[in-house]
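Each chain is listed here by its residues.
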Amino acid sequence: MADLVEEEQQQVIGINEEGQNKVVTESEENNKRLHLEGQGEKDMPPASGNSIHRSSSRPQLDVSKAEIQSNVEDKYPTILLPNQSDDLSHLALDIGGSLIKLVYFSRHEGHSDDDKRKKSLKERLGLSNGNRRSFPILGGRLHFVKFETGKINECLDFIHSKQLHCGGLESRYSDAAADQNAIIKATGGGAYKYTDLFKERLGVSLDKEDEMDCLVAGANFLLKAIRHEAFTHMEGQKEFVQIDHNDMFPYLLVNVGSGVSMIKVDGDGKFERVSGTNVGGGTYWGLGRLLTKCKSFDELLELSQKGDNRTIDMLVGDIYGGLDYSKIGLSASTIASSFGKTISETKELENYRPEDISLSLLRMISYNIGQIAYLNALRFRLKRIFFGGFFIRGHAYTMDTISFAVQFWSNGDAQAMFLRHEGFLGALGAFMSYEKHGLDDLMVHQLVERFPMGAPYTGGKIHGPPLGDLNEKISWMEKFLQKGTEITAPVPMTPVAGTTGLGGFEVPLSKGSALRSDASALNVGVLHLVPTLEVFPLLADPKLYEPNTIDLADPSELEYWLTILSEHLPDLVDKAVASEGGTDDAKRRGDAFARAFSAHLSRLMEEPSAYGKLGLANLLEMREECLREFQFVDAYRSIKQRENEASLAVLPDLFVELDSMDEETRLLTLIEGVLAANIFDWGSRACVDLYHKGTIIEIYRMSRNKMRRPWRVDDFDVFKERMLRTGDKKRPPHRRALLFVDNSGADIVLGMLPLARELLRRGTEVVLVANSLPALNDVTAMELPDIVAEAAKHCDILRRAAEAGGLLVDAMINTDSSKENSSSVPLMVVENGCGSPCIDLRQVSSELAAAAKDADLIILEGMGRALHTNLYAQFKCDALKLAMVKNQRLAEKLIKGNIYDCICKYQPAS
Ligand SMILES: Nc1ncnc2c1ncn2[C@@H]1O[C@H](COP(=O)(O)OP(=O)(O)O)[C@@H](O)[C@H]1O
Ligand SMILES: CC(C)(COP(=O)(O)O)[C@@H](O)C(=O)NCCC(=O)O
Ligand SMILES: [Mn+2]
């Protein structure tokens, strides 16, 4: 149906004019936020009546009157802590010779939205509070910040301004005297050196933790809990690696701070510092400063990018008259002696270019560290070497040089790897040393990394963590706008030169792009700890599961999708601003959002791995998160509402039509209906253009009429056989189906609900799985009960099932049809735990995970959930993937087809 646009041009009634929008008050907004995102710290309620708990000497759990509430066999018993104050917050420090690293935790808001749907669902799924996981402490965020040790006062001001030393902002109202006893975990030499200063300035005591213990605890945590934390960097190529948790040890940890420590790690808490070198980051920065007069480390590093070390270093060729020393395998371009040329009596310091000095120095130190690391790996037969510490600074040339040394001397036997949170190992370890916060029990799927404005972009006076206050965020974006395009402008890459391949190289392959301001260069986001997230239990093999269908590591794919998102931005901003009543405030926020999201896109265009390993699902989620950051709660609210109303108005007719059909025709019509209605997608450029040309119903009809089989992927007959039980195996109907629904309007009302009705009619329980938070025009779990209630007015099957599923709680009270109820299988709604058009099934809500336990059929619908993600996912049960492809390039790539082609992929359980 590629010709759909042209053919329907005569239909002109637009459907995209904005309806009257209601301005949502802040409290309404907050009610709408579900598990995934807490409200900003400024909105946290003041802690009241809990000063007793706050008066303890350090943040800790109050386990008095604790009670375990569950069965013995329960894997995750609920531990009730009635006396635990919920404003627990931690700060830990690593005060090094050069830098102070802070890791701090901010709490998520409590979940007060235990609505009727959830209550009755819990009953249906057998989830009373008694056996449901409950996490009184962990839900929150980990922030990473650094300061120069020489500017410790800035650090103290920062801690004070955020009240991190006394449990975070929320405890601002707590008893001031209590803070005098506070203890903060700290490691690094500065924990000793600055004890008095912390006591004087903040009234806190530093509880010292051993530096090596902390480095190892931090590294082990990162490798276990963060997907793709480690990466290799060779010849300019960065590749993320997933470390097998069961095969992590032993490894060599090389922490390159001011000085260098080399630690052989054999397990959690099992390690030995086997070596080190005093030639480290401090040497580079110190010598470099003296020799080049640079004012900052970054300036020095940036200089190196324009340098040529041959003017400084003595090469083999310099000694051998331009010849290789081939007997021992050294090419003429191999460095024989770092800084060897500076022995020249005719030249003084000012005769050398600072750029060249910086590069020679960087190379000398990096290479030396790589070589010593290799020798130690050899001593203990270790194959893996992880390099951390802020000397690395994510700098391409540094990493390439270290990798080269390890690779060269080990003949490829040992491998150098780097860590995204390179400089925070010690601080994280100190953070872990707080007892009983449970961080060490966290699993990969319970951590979500986000990149709010302020984490990647702030410089100047604001350090690292997200700008919590909206106004602060907006004015920061505005200032940034005034300053021009320093962040968004793409940075030209240095041209690539070849290596000699022997023992050294003339010119480094990758010198790296321009360095960013301190905080942005951290390349780490805010880690959200969401203990309620679980791995979807019906994944055939979670280890083999990769949610993203398209690999954005392919530069042409990345560029295409970044461009698509960029082009969609003006339309999205229009919708977002309109959704908030088009006020001046909304316009200002819309502008700031557009700036912020464009900055993310430009950053990625220029540095694809700036945010770690990224898929299209992450990009689409980042867009939604960015909208939420600027307090656009639901940009498509009014569009969704209008489309729901229009679709509900014609639903009774559709039911009549369907009911007049025989079973087989009906099933086909239903699947056609789902595919046809999936056209209502406000995230697709082509579809949005289409909506200018017709009403919802007209487009729906037209789309239905085009639904000719065979579809581009067409497993309908196999699915039909299973459903109608016409094959050899006369199997009973499915017990429970999970329907991952997509868009509002026709998609849910005229597509998925009628399909749900068919399943219910056949005795299959149906769980509608919808987003926890809005994303484009996707329907959310919170919106579904109203839609179902409206549809149920015209359909007994739906009404009884919805009553049985507790969806029509009010209706139940008014009916005396309890007998009828018991004869119907239930229709339920669960939230999926995410707020994106795609779904990563490694991280779903515990509610969905519970609902999945009895399910034997999964239906994934829409491009986001069934194509961009999960197209190749394998499940333990039957799975049906339904979508209309609304993008030409994707259609060509995935199914060698065209835009508006459809996919009906059925994968019976093997
Ligand atoms: N902004 C910066 N200021 C100073 N040094 C920096 C900076 N960024 C990176 N570095 C490098 O990082 C080293 C410090 O690394 P770090 O892991 O923090 O060690 P330490 O705990 O010894 O301070 C410095 O010696 C320097 O080489
Ligand atoms: C964001 C979407 C995945 C939503 O699609 P849906 O899941 O609603 O079918 C899709 O609209 C999309 O991939 N849009 C970008 C491609 C384009 O504009 O062509
Ligand atoms: Mn959608």
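In what follows, the structure referred to is the one given above.
Criteria and thresholds
Starting from 1, residues in each chain are numbered consecutively following that chain's sequence as written. By the order in which they are written, chains take letters starting at A while ligands take numbers starting at 1. With the structure being a predicted model, the display of local features is reserved for residues of pLDDT at least 70 and the display and counting of side-chain atom pairs for 80 or more, all residues being used for whole-chain, interface and lining totals. Remark: hydrogens and water are excluded; side-chain values derive from all non-hydrogen atoms of the structure. In what follows, salt bridge is the name for a side-chain nitrogen of Lys or Arg lying within 4 Å of a carboxyl oxygen of Asp or Glu. Helix numbers and strand numbers start at the N terminus; a helix is a DSSP run of H or I with at least 4 residues, a strand a run of E with at least 2. Residue burial is assigned from relative accessible area. The probe radius is 1.4 Å, only protein chains are included, and a residue is buried under 20% of its type maximum, exposed over 50%, and partly exposed in between. Residues belong to one nonpolar core when they are buried, are Ala, Val, Leu, Ile, Met, Phe, Trp, Tyr or Cys, and are joined through side-chain atoms within 4.5 Å. We call two residues in contact when some of their heavy atoms are within 4.5 Å. Pairing of aromatic side chains requires ring centres within 6.5 Å, counting the rings of Phe and Tyr and the six-membered ring of Trp. Pairs whose planes differ by under 30 degrees are stacked, by over 60 edge-to-face, and all others tilted. We count a charge as sitting over a ring when the NZ of a lysine or the CZ of an arginine lies within 6 Å of the ring centre and within 35 degrees of the ring normal. If even one non-hydrogen atom of a residue comes within 4 Å of a molecule or strand, that residue is called near it. Side-chain atoms alone can form a polar contact between residues adjacent in sequence; in general such a contact is a pair of N or O atoms within 3.5 Å, and within protein one must be able to donate a hydrogen while the other accepts it. Here, Shrake-Rupley sampling with a 1.4 Å probe gives the accessible areas, and only protein chains in the shown set may cover a residue. Each residue gets one of three labels, nonpolar for Ala, Val, Leu, Ile, Met, Phe, Trp, Tyr, Cys and Pro, charged for Asp, Glu, Lys and Arg, and polar for the others, Gly among them. Here, strands pair whenever DSSP counts at least two bridges between them. A patch is a set of surface residues, each over 30% in relative accessible area and not in a salt bridge, joined within 9 Å for like charges and within 5 Å for the nonpolar side chains Val, Leu, Ile, Met, Phe, Trp and Tyr.

1. A word on the pattern of salt bridges
Oppositely charged side chains can form a pair if their charged atoms are brought close together.
Moving on, step 1. By the definition in use, this model includes 46 salt bridges.
Moving on, step 2. Among the ionic pairs, Lys 341 bridges to Asp 318, the shortest N-O distance being 3.0 Å. In this pair, Lys 341 sits in the loop between β14 (335-337) and α13 (354-379) while Asp 318 sits in helix α12 (residues 316-319), placing the two residues 23 residues apart along the sequence.
Moving on, step 3. In this structure Asp 318 comes out as partly exposed when scored by relative accessible area, which is 39%.

2. Comments concerning the nonpolar core
Moving on, step 1. Counting residues in each nonpolar core, the largest one holds 150 residues, and the members touching the most others are Phe 536, Phe 630, Leu 738 and Leu 768.
Moving on, step 2. The greatest single-element share of this core, amounting to 10 residues, is contributed by helix α26 (residues 746-761).
Moving on, step 3. Setting aside residues no more than four positions away along its own chain, Leu 768 makes contact with Leu 739, Val 741, Leu 753, Ala 756, Leu 784, Val 788, Leu 827, Met 828, Val 829 and Val 830.
Moving on, step 4. Leu 99, Leu 102, Leu 206 and Met 248 belong to the second-largest nonpolar core, a separate cluster that totals 64 residues.

3. Things to note about the packing of aromatic side chains
Moving on, step 1. Using the criterion set out here, one finds 26 aromatic pairs in the structure.
Moving on, step 2. Between Tyr 284 and Phe 297, the aromatic rings sit 5.9 Å apart at their centres with planes inclined by 90°, giving edge-to-face as the arrangement. In this pair, Tyr 284 sits in helix α10 (residues 281-292) while Phe 297 sits in helix α11 (residues 297-304), placing the two residues 13 residues apart along the sequence.
Moving on, step 3. Overall, the relative accessible area of 0% leaves Tyr 284 in the buried class.
Moving on, step 4. Judged by its relative accessible area of 18%, Phe 297 is buried.
Moving on, step 5. An aromatic cluster of three or more residues is present, and its members are Phe 231, Phe 240, Phe 387 and Phe 418.
Moving on, step 6. A cation over an aromatic ring shows up here: Arg 589 above the ring of Phe 632, its NZ or CZ 4.8 Å from the ring centre.

4. Considerations on the site of ligand 2
Moving on, step 1. Among the 16 residues in the neighbourhood of ligand 2, the closest are listed as Asp 681, Gly 864, His 868, Lys 886 and Asn 887.
Moving on, step 2. Interatomic distance of 3.2 Å between a backbone N/O atom of Ser 684 and an oxygen atom of ligand 2.
Moving on, step 3. Interatomic distance of 2.7 Å between a backbone N/O atom of Gly 864 and an oxygen atom of ligand 2.
Moving on, step 4. When the free accessible area of ligand 2 is taken as 470 Å², the share hidden by the protein chains comes to 97%.
Moving on, step 5. Elements with a contribution of two residues or more to the shell around ligand 2: α18 (555-579) and α32 (863-868).
Moving on, step 6. Per-element tally for the shell around ligand 2: the top contributor is α32, with 3 residues.
Moving on, step 7. Of the residues in the shell around ligand 2, the class split is 4 nonpolar, 8 polar and 4 charged.

5. Examining the pairing of strand β9 (residues 237-241)
Moving on, step 1. Taken together, the 5 bridges between strand β8 (residues 230-234) and β9 define a ladder with antiparallel strand orientation. When the bridges of β9 are listed, Phe 231 appears paired with Phe 240.
Moving on, step 2. Here β8 folds back onto β9 in antiparallel fashion, the turn holding 2 residues, of which Glu 235 has a positive phi close to 45°.

6. So, a nonpolar patch on the surface
Moving on, step 1. Together, Ile 319, Tyr 320 and Leu 323 line one region of the surface with nonpolar side chains, adding up to about 310 Å² of accessible area.
Moving on, step 2. Mapping Tyr 320 onto the fold places it in the loop between α12 and β14.

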